[in-house]
Amino acid sequence: MTGTGTQASLRALSRLVKKSFLMLGEADTRYHVHELLRQYGAEKLSEKKEVSSVRDRHCAFFCGALERWLPELSGPRQLVILDEIEADIENVRVAWELAANQRDVTRLGQGLGSNVKYYWRRSRHYDALAVCQVAIDALAQVDPTSKVFPDALRVAASALTVQAQNYLPLGHKTLAKSALERGEELLGSPALVNCDTRPERAHLLHVMGQAVMPNLEQARRLHEQSLSLRRALGDRATEAWSLTYLAGICLREGDLPGAKQLCQESLALFRAEENIGGISDGLRFLGQVAIHSGNYPEAQRLFGENLALSKETGSQTWELETLVMLAQVHQEYGDYEAAREGYEASLSLSRLVQGSLIETEILLFLGSLAMDRYNCDEAERRFSEALTLSQ
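Conventions and cut-offs
- Residues numbered from 1 in each chain as written.
- Predicted model: local features only at pLDDT ≥ 70, side-chain atom pairs only at ≥ 80, totals over all residues.
- Heavy atoms only, no water.
- Helix = DSSP H or I, 4+ residues; strand = E, 2+ residues; numbered from the N terminus.
- Contact = heavy atoms within 4.5 Å.
- Patch = residues over 30% accessible without salt bridge, like charges linked within 9 Å, V, L, I, M, F, W, Y side chains within 5 Å.
- Areas by Shrake-Rupley, 256 points an atom, 1.4 Å probe, with all protein chains shown as cover.
- Salt bridge = Lys/Arg side-chain N within 4 Å of Asp/Glu carboxyl O.
- Buried < 20%, exposed > 50% of the residue type's maximum accessible area, 1.4 Å probe, protein only.
- pLDDT = per-residue confidence, 0-100.
- Axes fitted to C-alpha atoms, helices over the stretch in contact; angles between N-to-C directions.
- Parallel < 35°, antiparallel > 145°, perpendicular 65-115°, else oblique.
- Left-handed = near helix turned anticlockwise from the far one by under 90°.
- Nonpolar A, V, L, I, M, F, W, Y, C, P; charged D, E, K, R; others polar.
- Core = buried A, V, L, I, M, F, W, Y, C linked by side-chain atoms within 4.5 Å.

### With respect to the overall build of the protein chain
So, point 1. Looking only at helices and strands, the protein chain features 19 helices and two strands.
So, point 2. Long-range pairs, those at least 24 residues apart, make up 60% of the contacts in the protein chain with a sequence separation of at least 6.

### Some points on a nonpolar patch on the surface
So, point 1. Taken together, the side chains of L364, M371 and F383 define a hydrophobic patch exposed on the protein surface, amounting to about 260 Å² of accessible area.
So, point 2. Position of L364 among the secondary structure elements: in helix 18 (residues 359-372).
So, point 3. Look at L364 and you get partly exposed, because its relative accessible area is 41%.

### Notes on the confidence of the model for the protein chain
So, point 1. Per-residue confidence for the protein chain gives a mean pLDDT of 88; residues scoring 70 or more make up 86%.
So, point 2. The model gives residues 1-5 a pLDDT under 50, and that stretch makes 12 contacts with residues more than four places away or in other chains.

### Observations regarding the packing of helix 16 (residues 316-332) against helix 17 (residues 336-350)
So, point 1. Put simply, helix 16 and helix 17 touch, their axes get as near as 8 Å, and they point 160° apart. Judged by the inter-axis angle, helix 16 sits roughly antiparallel to helix 17. At the point where helix 16 passes helix 17, the crossing takes the left-handed sense. Here Q316, E319, L320, L323, V324, A327, Q328, H330 and Q331 of helix 16 lie close against helix 17, whose contacting residues are Y336, A338, A339, G342, Y343, A345, S346, L349 and S350.
So, point 2. Partitioning the contact of helix 16 with helix 17 into residue classes produces 10 nonpolar, seven polar and one charged.

### Details of the nonpolar core
So, point 1. Counting residues in hydrophobic clusters, the biggest one holds 106 residues, and the most contacted among them are L108, L139, Y343 and I362.
So, point 2. No other element matches the 11 residues that helix 8 (residues 149-167) contributes to this core.
So, point 3. Dropping the residues within four chain positions of it, L139 is found in contact with V105, L108, A152, V155 and A156.

### Some words on the packing of helix 18 against helix 19 (residues 376-390)
So, point 1. Taken N-terminus to C-terminus, the directions of helix 18 and helix 19 make an angle of 165°; their axes are 8 Å apart at the nearest point. Considering the angle they form, helix 18 stands roughly antiparallel to helix 19. Considering the relative orientation of helix 18 and helix 19, their crossing is left-handed. Counted together, E359, T360, L363, L364, L366, G367, S368, A370 and M371 of helix 18 and E378, A379, R382, F383, E385, A386, L389 and S390 of helix 19 form the full contact between these two elements.
So, point 2. Residues belonging to the contact of helix 18 with helix 19 are distributed by class as follows: nine nonpolar, four polar and four charged.

### Digging into the pattern of salt bridges
So, point 1. Under the defined criterion, the tally for this structure stands at 26 salt bridges.
So, point 2. Between R231 and E239 there is a salt bridge whose closest N-O contact spans 3.1 Å.
So, point 3. When its relative accessible area of 45% is taken as the criterion, R231 is described as partly exposed.
So, point 4. When its relative accessible area of 12% is taken as the criterion, E239 is described as buried.
So, point 5. Note that R381 is salt-bridged to E385, the shortest N-O span being 2.7 Å.

### Considering the environment of M371
So, point 1. Take M371: it is sitting in helix 18.
So, point 2. The partly exposed category is assigned to M371, whose relative accessible area is 44%.
So, point 3. Sequence-distant contacts of M371, defined by excluding residues within four places in its chain, comprise A379 and F383.

### Considerations on unusual backbone geometry
So, point 1. Geometrically, the link from M213 to P214 is a cis peptide bond, its omega value of 15° lying close to zero.
So, point 2. Structurally, P214 can be placed in the loop between helix 10 (198-211) and helix 11 (216-233).
So, point 3. For S123, which is not glycine, the phi dihedral falls at a positive 60°.
So, point 4. Among the structural elements, S123 can be located in the loop between helix 6 (105-121) and helix 7 (125-139).
So, point 5. Here E274, not a glycine, exhibits a phi torsion of approximately 55°, which is positive.
So, point 6. Inspection of the secondary structure assignment puts E274 in the loop between helix 13 (256-273) and helix 14 (276-292).

Encoded structure:
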């Protein structure tokens, strides 16, 4: 099947390759059309007035593909699926814009999850925000008297929630809270009184729990409400994420046994789902518990395993956080050279991650490490860099 959903046999494709109408990439099994032939085809379609029909089929195919990809982005094939989306990201972008221009609620609902999750996993938060805004603007124009209006409200609320989730790593907490308030308002609309909005509410509460930090009491209440909804829905994948964030709250409160138990519960769920990203997150939290418990060899083992998984998932954000934690373990353990290498690697990576807020913190860690090594000149330089960056 071609990218627009047209059936084509391997024999037919081979004939087209031999005639140079198609090209088969050396590094993949994807077929490509020369740009001149693409332009010629577009002109012929325009002459026959078939452009709109072809674009509509293209939109339907890729919005449907995004829907099919979503479950696999939390399973064992998630790395393969991320690469597939990467290969078709321009097709996805064109399809998304057409769905928005047509105010097609169904297709926007189909494509939202995978579209933003791809950018989230690639640490491309600004791109995720743009995807959400396109959907939000389009859905705001749906006729309130139409049959699809309730679905439009639900998809818009989801887009606002994901938008808030991507504002937070960029440091835009006020914008995140505003988006969450708008999402909550949409879910409270009378048009949804007979609709099951538990999935959207569970996600909204989860992100609200992140947005209210460092207020641990509010965060715990919101995450517990989200966890309750997710358990009622039988959604084990998202239940595991709620448990992970509750473990983080326990850790901040100094409840190490509670944090460890919740981490182990979430990690068991992630392993059952073969969710590599979740497993990576669970290992990182268990490593933090080990640090606070003074068990540095265990922390080093857990962070080392997590670092390998973070690189495998392609998430620069997770890799960055793990590098910093592993460097802290080395510093506490007295292995100053390994700590310096870890901080330097994380500093370089922090400058590649969209919206990274950790660069100043890493410079402070490097200054602290220099003090531990009695290198006052180096410490002064690092602290000065951190001060300049924070201004």
